[in-house]
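# Architecture and fold: a report
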Amino acid sequence: MDYLFLVIGLIILLAGGKFLVDGASGLALKFGLSQGLIGLTIVAFGTSAPELLVSINAAIKGNSDIAMGNVIGSNISNISLVLGISAIIFPIAILKSVIKLDYLAALLSSLLFYVMALNGSISRWEGLILFILLILINLYFFRKLSGKDQLDSEEISVELNPLWKTILLLFAGILGLFFGSDMLVDSAVNISKNLGISERVIGVTIIAIGTSLPELVTSVIAALNKKTDIAIGNILGSNIMNVLAIIGITALVSPIQVSDIFLKQDFIWMIGFTLILYPILQSKLTVSKLEGFILLALYGLYLYMII
């Protein structure tokens, strides 16, 4: 039954994220926010909402290894699994601005996350610092991109529903995220106990991959449509959001304990994958099919090493 609840919880969680994005996007559109900025803010946050609810739920219940594993595992799978599959479908062209801004922000946020974790926990004060950085970055994007034509290339399709339907979608999304995350965490803890597998391994594998499905679907669709700027932006943006928003907000709600094994293994893999990404992005400003296969192979090696 735990495996069944795991799948059901994941489905409810992802559906909740989708409803939340649809409802919040529709509401923002009614208030005159451009579709480009909706994509940059609400949709980016919405695809990270499953990770957020899972991490908060796990931290409150004292399952910090699941909360940490969820975020670190998601960041690793975004770079290796999601980017690897997207590049195999269609080579991804890279803008120089992505390397200067998005990649740099993703790398620095990962390094800051590691430094904060070195003392064995992420405190409320450290969570507040991450959250403030999140606000500053979003304000920067608003000021830099608001009203510019370049937003058109990243516009999303937002259906203008009646107000009652928009509000209904919003509440359905919130409820789905709450109950789905609760079911997912409880079933994952039970499975780890029954199989004698650590909560950390469950967190960085099953839960991390499951909660990364929105990013995977978004990036694969973007790659199929040859809108590769959206694919790479979604991946790097999600990694930044995972650290600043998810760890930041989770630590504000409940301080997160960091197991020593995360510092010795998973953090090193996460930062390593981020560093490996730099020469890949720089080489001809393209992530080729071959590089996509290399990233997938490295992800397979990571799974083998931890399991």
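Residues numbered from 1 in each chain as written. Predicted model: local features only at pLDDT ≥ 70, side-chain atom pairs only at ≥ 80, totals over all residues. Heavy atoms only, no water.

### A word on the overall build of the protein
Looking only at helices and strands, the protein has 11 helices and 4 strands in total. Put simply, the protein has 307 residues, and 51% of those count as buried. Accessible surface, the protein as shown: approximately 13700 Å² in total, 71% of it carbon and sulfur. (Helix = DSSP H or I, 4+ residues; strand = E, 2+ residues; numbered from the N terminus. Buried < 20%, exposed > 50% of the residue type's maximum accessible area, 1.4 Å probe, protein only. Areas by Shrake-Rupley, 256 points an atom, 1.4 Å probe, with all protein chains shown as cover.)

### A word on helix 7 (residues 199-211)
Relative to the 18 Å expected for 13 residues at 1.5 Å per residue, helix 7 spans just 16 Å between its end C-alpha atoms, considerably shorter than the ideal helical length. With 11 of 13 residues buried, helix 7 lies mostly within the body of the structure. Among the residues making up helix 7, those that are buried are E199, R200, V201, I202, G203, V204, T205, I207, A208, G210 and T211. (Expected span 1.5 Å × (residues − 1).)

### What to know about the packing of aromatic side chains
Applying the stated criterion across every chain yields a total of 6 aromatic pairs. Geometrically, the ring pair formed by F113 and F267 is edge-to-face, given 4.8 Å between the ring centres and 70° between the ring planes. Placement of the pair is F113 in helix 4 (residues 96-117) and F267 in helix 10 (residues 260-282), with a sequence separation of 154 residues. Across the pair, F267 and F113 agree in class, each one buried. On the basis of an interplanar angle of 35° and a centroid distance of 6.2 Å, the ring pair of Y299 and Y302 is categorised as tilted. A residue pair is termed a helical-turn pair when its members lie 3 or 4 positions apart in one helix, as Y299 and Y302 do in helix 11 (residues 289-306) at 3 residues. One exposure class covers both Y299 and Y302, and it is buried. By way of ring pairs, the aromatic residues W269, F273, Y299 and Y302 are connected into one cluster. (Phe/Tyr/Trp six-rings, centres within 6.5 Å; stacked < 30°, edge-to-face > 60°.)

### Comments concerning a nonpolar patch on the surface
A grouping of M1, L4, F5, I8, I12, L175, F178 and F179 is seen on the molecular surface, where their side chains present a nonpolar patch of about 770 Å² in accessible area. Those elements that place two or more of their residues in the nonpolar patch are helix 1 (2-30) and helix 6 (163-195). In terms of residues, the nonpolar patch owes the most to one element, helix 1, which gives 4 residues. Assignment of secondary structure puts F179 in helix 6. You can call F179 partly exposed: its relative accessible area is 49%. (Patch = residues over 30% accessible without salt bridge, like charges linked within 9 Å, V, L, I, M, F, W, Y side chains within 5 Å. Salt bridge = Lys/Arg side-chain N within 4 Å of Asp/Glu carboxyl O.)

### As for the packing of helix 4 against helix 10
Between helix 4 and helix 10, the shortest axis-to-axis distance is 11 Å and the interhelical angle comes to 165°. Judged on the interaxial angle alone, helix 10 and helix 4 are roughly antiparallel. Helix-helix and strand crossings are classified by hand; for helix 4 and helix 10 the assignment is left-handed. Contacts from I99, Y103, L107, S110, L111, F113, Y114 and A117 in helix 4 reach L263, F267, I268, M270, I271, T274, L275, L277, Y278, L281 and Q282 in helix 10. (Axes fitted to C-alpha atoms, helices over the stretch in contact; angles between N-to-C directions. Parallel < 35°, antiparallel > 145°, perpendicular 65-115°, else oblique. Left-handed = near helix turned anticlockwise from the far one by under 90°. Contact = heavy atoms within 4.5 Å.)

### Quick word on the layout of surface pockets
Here the second largest pocket is characterised by a volume of approximately 160 Å³. If you trace the second largest pocket, you find it lined by K100, L101, L104, A105, L108, S109, L112, L133, I137 and L244. Among the elements of the structure, helix 4 and helix 5 (124-145) are those that each provide at least two residues to the lining of the second largest pocket. In terms of residues, the lining of the second largest pocket owes the most to one element, helix 4, which gives 7 residues. Among the residues forming the lining of the second largest pocket, the class breakdown is 8 nonpolar, 1 polar and 1 charged. (1 Å grid on protein atoms, 1.4 Å probe; cavity = no way out; pocket = protein on both sides within 12 Å on 5 of 7 lines; lining within 4 Å. Points joined across faces, edges and corners; volume = space filled by probe spheres on them. Nonpolar A, V, L, I, M, F, W, Y, C, P; charged D, E, K, R; others polar.)

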